[in-house]
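# Structural characterization, general
Here is what each chain is made of, one letter per residue.
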Amino acid sequence: EGGAEECGVLEATACGIVAALAGTAATFPAAVVSRRMIAGTVPGLLGTPRGTPRGTASSGGSVGGRRARASMGLFRAMRAVAEAEGVSGLYRGLGTASVRLVPMAIVSFASYEWVRRTMDAADARRTKRVGIEVDVA
């Protein structure tokens, strides 16, 4: 109608995969630090000695037998992890998360596009049969 060509299912799925990977990469550091704050393995977190490698805190995140509370915010915790382990510490596990994400994105975006196109085709047939076009937007 407007001269704009609709992209195919493969192109739409590829764009969806790229968007999902970009979103995951952008939010992954916050998710990593959040999980580590819960586990009590952020360097400098109450009960965790600064410089303690990830997952080796001897206290297991507890102080005096009680669970330690987070004594810092998310951004301070991100900075502490980056200082102790480098920026790569914020992205630890991204590869595994991406491997899980890609098949899910393929199925999700491809099935959405297929259903949308099937329904559009059914709408077009119904409109052609009845001869009335109604714009519901």
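Report follows, based on the coordinates. (Residues numbered from 1 in each chain as written. Predicted model: local features only at pLDDT ≥ 70, side-chain atom pairs only at ≥ 80, totals over all residues. Heavy atoms only, no water.)

## Quick look at the packing of helix α1 (residues 9-39) against helix α2 (residues 74-85)
- Put simply, α1 and α2 touch, their axes get as near as 10 Å, and they point 95° apart. Accordingly, the angle class assigned to the pair α1 and α2 is roughly perpendicular. Touching P29, A30, V33, S34, R36 and M37 of α1 are L74, A77, M78, V81 and E85, all from α2.
- Partitioning the contact of α1 with α2 into residue classes produces eight nonpolar, one polar and two charged. (Axes fitted to C-alpha atoms, helices over the stretch in contact; angles between N-to-C directions. Helix = DSSP H or I, 4+ residues; strand = E, 2+ residues; numbered from the N terminus. Parallel < 35°, antiparallel > 145°, perpendicular 65-115°, else oblique. Contact = heavy atoms within 4.5 Å. Nonpolar A, V, L, I, M, F, W, Y, C, P; charged D, E, K, R; others polar.)

## Some words on the pattern of salt bridges
- Going through the model one piece at a time under the given rule, you end up with six salt bridges.
- Linking E85 and R92 is a salt bridge whose minimum nitrogen-to-oxygen distance equals 3.0 Å.
- A single network of salt bridges, built from pairs that share partners, joins E113, R116, R117 and D120. (Salt bridge = Lys/Arg side-chain N within 4 Å of Asp/Glu carboxyl O.)

## Focus on the nonpolar core
- Core analysis: the largest hydrophobic core is formed by 10 residues, namely V33, M37, V42, L45, M72, A77, M78, A80, V81 and L90.
- Secondary-structure elements contributing two or more residues to this core are α1 and α2.
- Ranked by the residues each element gives to this core, the list is headed by α2, at four residues. (Core = buried A, V, L, I, M, F, W, Y, C linked by side-chain atoms within 4.5 Å. Buried < 20%, exposed > 50% of the residue type's maximum accessible area, 1.4 Å probe, protein only.)

## Details of α1
- Between its first and last C-alpha atoms α1 spans 42 Å; for 31 residues at 1.5 Å apiece the expected length is 45 Å, and the two agree.
- Largest kink in α1: about 45°, centred on T27, with the proline P29 one to four residues after it.
- Along α1, the residues classified as buried are A12, T13, G16, I17, A20, T24, F28, P29, V32, V33, R36 and M37.
- At the C-terminal side of α1, G40 shows a positive phi close to 80°. (Expected span 1.5 Å × (residues − 1). Bend = angle between axes of the 7 residues up to and from the residue.)

## Re the packing of aromatic side chains
- This model, assessed by the stated rule, comprises zero aromatic pairs.
- In this structure, R35 packs its charged tip against the face of F28, placed 5.8 Å from the ring centre. (Phe/Tyr/Trp six-rings, centres within 6.5 Å; stacked < 30°, edge-to-face > 60°. Lys NZ or Arg CZ within 6 Å of the ring centre and 35° of its normal.)

Nothing here speaks to function; it is all geometry.
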